[in-house]
Amino acid sequence: MRNLRRAMTAGILAALLATGTAAGAGATRFPARPAQSDITPALRSWYVASSPGIPAAAPGCGKGVLVRKVVAKYKAKKYQGGGYRTDILYCGNAKYGYRHLLGHIKHYFGGWSNFSFSIAQTLKKPAGFVAQKNGNFLESAPILQCFYAGYYIIWTFFVVPRIKTGDIVTAYGREGKRVNQSCP
Amino acid sequence: MGRMEFGPSVVPELREILLSMSEARYDRGDGTLTPPREVPFLGPWHLTRLAFDPDLGPSRIVGVFTGAGRKVTAVIDAGDFADLRGNTSNDPDWNSSAYHDLAVLLSTLIQEQVLTWEPADISTDEIHIRLPADRDKRLARY
């Protein structure tokens, strides 16, 4: 509810910022920060504003819709070898896909459009990219929630696709610290 | 009617996943990734206990996680995972690991509800591990 109120009373502009030494420092705290020697400067060039007011396509996962109906396809950075793959979000069920992450959307800001935007940004340019023994990647990136009042909140957004297929199991955001200055 | 119970393999499989090492790469900021390095699945947390509840037996799993001076107890009830509780299924639609569905699902949910939080940011000492839809249903009762 708190997030919904924020969304209604403040202009929302979602933005992606790379982890590192600039305003994104500390935003991606899981699983472990990269060593400073791994990070190059010029991180502000990562900033990508969303397009407020352009809604994502409706998921269309109502009652009776098959679990393998495709909700969205995302361009996803490959873990190895460079380039991109396509990750797919299916309607799924309570355990994976859109029907699983439906419960997370209401705890994020900006509704499905912004949630889908955050999935896309995280997969396209993950700040942290973890290959896990349970068969899933854990990918994360900082997302900025900007307010016209002159401050922003750094969220860490997580997406969990299957390593083998790229199907999205779940996704969710974690609200982080508030920074009392305008969005970078 | 008796309580639903977990199968015997879920605790060892879940423990194996939670205590495993993952391989992580990080973006340097210029679009390239760092070389892989090992990181614990648990992130900043430690697993101090994972077992069936001493009073309720196989109907409940209790996991205790500690980190940065915080202790969080994760409670998992077999009744919340009725269709998977035997830990004998492998659904190719969402599980392509070497583990059974329940162990994989629980590891994902524990990551959602505990491990991806900084220890200092968790506001409660006990967390019921449930599917997102079930968490909201329980909250709606209050």
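Look up a bit, the structure's there.
Residues numbered from 1 in each chain as written. Chains lettered and ligands numbered in written order. Predicted model: local features only at pLDDT ≥ 70, side-chain atom pairs only at ≥ 80, totals over all residues.

**What about the overall build of chain B?**
Reasoning step 1: For chain B, the count of helices and strands is three helices and six strands.
Reasoning step 2: Helices and strands in chain B line up, N terminus first, as α-β-β-β-β-β-α-β-α.
Reasoning step 3: Across its three principal directions, the C-alpha atoms of chain B cover 60 × 35 × 30 Å.
Reasoning step 4: Counting the 142 residues in chain B, one finds 40% classified as buried.
Reasoning step 5: In chain B, 51% of the contacts between residues at least 6 apart in sequence involve partners at least 24 apart. (Helix = DSSP H or I, 4+ residues; strand = E, 2+ residues; numbered from the N terminus. Buried ≥ 20, exposed ≤ 12 C-beta atoms within 10 Å, placed from the backbone. Contact = placed C-beta atoms within 7 Å.)

**Topic: the interface of chain B and chain A**
Reasoning step 1: Counting from both sides, the interface comprises 35 residues of chain B and, opposite them, 43 residues of chain A.
Reasoning step 2: Contributing elements (two or more residues each) for the side of chain B that touches chain A: strand S1 (21-26), helix H2 (101-115) and helix H3 (132-140) of chain B.
Reasoning step 3: For the side of chain B that touches chain A, the per-class residue count stands at 14 nonpolar, 11 polar and 10 charged.
Reasoning step 4: Pairing of strand S5 (residues 128-131) of chain A with S1 of chain B, which is carried by four bridges, proceeds in the antiparallel orientation. Residue pairing in the sheet places Val130 of chain A in a bridge with Ala24 of chain B of S1 of chain B. (Nonpolar A, V, L, I, M, F, W, Y, C, P; charged D, E, K, R; others polar. Pairing = 2+ DSSP bridges.)

**Remarks on the pairing of strand S6 (residues 137-147) of chain A**
The two faces of a sheet get side chains in turn, since along a regular strand they alternate between them.
Residue and element names in this part refer to chain A.
Reasoning step 1: When you tally the buried positions in S6, you get 10 out of 11 residues, the bulk of the element.
Reasoning step 2: Two strands pair when backbone bridges link them, and S5 and S6 are joined in this way by four bridges, in the antiparallel orientation. Residue Gly128 lies in a different strand from S6, and its bridge partner there is Ser140.
Reasoning step 3: Linking S5 to S6, which pair antiparallel, is a turn of five residues; within it Gly135 sits at a positive phi near 90°.
Reasoning step 4: With nine bridges joining them, S6 and strand S7 (residues 151-161) adopt antiparallel strand pairing. From the neighbouring strand, Leu144 faces S7, where its bridge partner is Ile154.
Reasoning step 5: Hairpin connection between S6 and S7: a loop of three residues separates the two successive antiparallel strands, and Gly150 in this loop has a positive phi of roughly 100°.

**Things to note about unusual backbone geometry**
It is generally the case that most residues other than glycine have a negative phi and that most peptide bonds are trans.
Residue and element names in this part refer to chain B.
Reasoning step 1: Phi is positive for Ala68, close to 50°, though the residue is something other than glycine.
Reasoning step 2: Along the chain, the position of Ala68 falls in the loop between strand S4 (57-67) and strand S5 (70-77).
Reasoning step 3: Positive phi outside glycine occurs at Asn87, with the angle close to 55°.
Reasoning step 4: By the element assignment, Asn87 lies in the loop between S5 and H2.
Reasoning step 5: Assessed through the 23 C-beta atoms surrounding it within 10 Å, Asn87 is described here as buried.

**So, the sheet that holds strand S6 (residues 126-128) of chain B**
Residues and elements named next belong to chain B.
Reasoning step 1: The sheet built from four strands is open, its strands ordered S3-S4-S5-S6 with mixed pairing. Both edges of this open sheet fall to strand S3 (46-53) and S6, since each of them pairs with a single strand only. Put simply, the sheet's adjacent strands are angled 20° from each other on average, direction ignored.
Reasoning step 2: With eight bridges joining them, S4 and S5 adopt antiparallel strand pairing. Bridge pairing links Val64 to Thr73 in S5.
Reasoning step 3: Against the sheet, helix H1 (residues 10-18) engages S3 and S4, with an angle of about 170° to S3. (Axes fitted to C-alpha atoms, helices over the stretch in contact; angles between N-to-C directions.)

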